[in-house]
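Architecture and fold: a report
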Amino acid sequence: MNKTKLSKTVSYILRHHPESFDLKLSADASVKTDRLLAALKRKFKDITKADLVELVENDSKDRFSFLDNQKRIRANYGHSIEGVSPDY
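Residues numbered from 1 in each chain as written. Predicted model: local features only at pLDDT ≥ 70, side-chain atom pairs only at ≥ 80, totals over all residues. Heavy atoms only, no water.

**Here's the deal with the pairing of strand E3 (residues 72-75)**
Judged by which residues are buried, E3 turns out to be covered on both faces: Arg 72 and Arg 74 on one side and Ile 73 and Ala 75 on the other are all buried. Sheet analysis places strand E2 (residues 64-67) next to E3, joined by four bridges and oriented antiparallel. Bridged to Ser 65 within E3 is Arg 74. Between the end of E2 and the start of E3, which pair antiparallel, lie four residues, with Asp 68 showing a positive phi angle near 50°. (Buried < 20%, exposed > 50% of the residue type's maximum accessible area, 1.4 Å probe, protein only. Helix = DSSP H or I, 4+ residues; strand = E, 2+ residues; numbered from the N terminus. Pairing = 2+ DSSP bridges.)

Structure (structure tokens):
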């Protein structure tokens with residue numbers, strides 16, 4: 001799997017256009033990890049939760065984080081979506 005393409009796609013979804021993948025972010029800018037994973041399977045057929053964990057844990061710019069024991073995921077900064085406000 002192309003890790004750069006995955007990172008850019010997750011950024012696109014979580015920072016700018018969740019609706020393009022039939023997702024809606026919570027007010028804290030997070031979405032259920034399982035829902036994101038299901039949406040990503042349209043583009044990355046073999047993606048697993050382990051791929052997302054690796055993306056979050058190995059991102060040198062700390063772009064993403066998990067909440068609630070990896071049940072939710074969010075982008076940490078750079079949102080252009082009206083009405084979301086990550087609470088750090």
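**Quick look at the nonpolar core**
Counting residues in hydrophobic clusters, the biggest one holds 24 residues, and the most contacted among them are Val 10, Leu 14, Leu 36, Leu 40 and Leu 52. Sorting the residues of this core by element identifies helix H1 (3-16), helix H2 (33-40), helix H3 (49-58), E2 and E3 as the ones contributing at least two each. Beyond its immediate stretch of four places on either side in the chain, Leu 40 contacts Leu 6, Thr 9, Val 10, Ile 13, Ile 47 and Leu 52. (Core = buried A, V, L, I, M, F, W, Y, C linked by side-chain atoms within 4.5 Å. Contact = heavy atoms within 4.5 Å.)

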